[in-house]
Amino acid sequence: LGLNQKKKLIRQGILGASFFTGLCVVVSNSRGALLSLLMILGMSFMRKGTKRFRNLATLMVGIPMLIPFIPQYAIDRMSTIELGAEQTEPSANSRTILMKAGWAGGVDNPVLGLGVGCWAPNATRYIPGGKPMGDGALEPHSVWAKIPAELGFIGLGAYLLMFCRIFIALRKMQKSCLRRKRVKHYNFSYMMLLSLMGYCSAGTFGNQIYSEYMFLIIATSGSLLDLWRAGRLEKENI
């Protein structure tokens, strides 16, 4: 959005807001948010239509220079992730257990799930020991585990299909815009794609399957695609 803004002051404001949003992710001490931020930054720097080799070189040089400025607690937090092994850090371990419990709830009710908003009253049936975790947590801490639990695998399939259709449509728009050298519209479509991927990746470690942000992404992406297909982006100089 900032790249497409012609007014310098507004452009600087948007880019500044983007920087502080990333900073909030770092100081939040959230592992899922940090992983999502790294993915989004990588996708943004390596998008088509830009000098990707130059951007890659900038990342390779810039990231080591930024490491000393990353708070030590954020580095310590990320180092608690055990790849391909049992999670030993208490918070990560409890989240893994709750994710498995949510998935078990979906397997036990594969068609329609337990019902919208019905996970909490039934959670202890699937959590080992039959009681909340030590910190009182009940939620699966992953939309991909909570959706099957509440909406069944039919709901999970519909959820994934919705995002896949938007993703494919945005990719088609990007390719068309690149061929026609419509950089501004390409940036808009890529902006929405980054938002979509950001929500899905962060949702892997969150519970907001009915998030207002998710509905905002869907509505904005749908509006953009509808305007593009109707040719109104060019006619109305959007």
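Residues numbered from 1 in each chain as written. Predicted model: local features only at pLDDT ≥ 70, side-chain atom pairs only at ≥ 80, totals over all residues. Heavy atoms only, no water.

Let us look at the overall build of the protein. Along the protein, the regular secondary structure elements total 10 helices and zero strands. When the helices and strands of the protein are placed in sequence order, the string is α-α-α-α-α-α-α-α-α-α. Across the protein, every contact between residues at least 6 apart in sequence was considered, and the portion connecting residues at least 24 apart equals 68%. Looking at the protein as shown, the accessible area adds up to about 14,200 Å², and 66% of this sits on carbon and sulfur atoms. (Helix = DSSP H or I, 4+ residues; strand = E, 2+ residues; numbered from the N terminus. Contact = heavy atoms within 4.5 Å. Areas by Shrake-Rupley, 256 points an atom, 1.4 Å probe, with all protein chains shown as cover.)

Inside soluble globular proteins, nonpolar side chains tend to come together where they are buried. One finds Tyr159, Phe163, Met173 and Tyr199 to be the most contacted residues of the largest nonpolar core, which totals 30 residues. Only helix H2 (31-45), helix H7 (143-179), helix H8 (183-203) and helix H9 (212-229) provide two or more residues apiece to this core. Top element by residues in this core is H7. It accounts for 11 residues. Setting aside its immediate chain neighbours within four residues, Met173 contacts His185, Ser189, Leu224, Leu225, Trp228 and Leu233. Membership of the second largest hydrophobic core comes to nine residues, among which are Leu98, Ala101, Ile127 and Ala149. (Core = buried A, V, L, I, M, F, W, Y, C linked by side-chain atoms within 4.5 Å. Buried < 20%, exposed > 50% of the residue type's maximum accessible area, 1.4 Å probe, protein only.)

One can expect most non-glycine residues to show negative phi and most peptide bonds to be in trans. Phi is positive for His141, close to 60°, though the residue is something other than glycine. Note that His141 resides in the loop between helix H6 (119-122) and H7. In this structure, Lys181 takes a positive phi of about 60° despite not being glycine. Within the element layout of this structure, Lys181 appears in the loop between H7 and H8. On the basis of relative accessibility, which here comes to 72%, the residue Lys181 falls in the exposed class.

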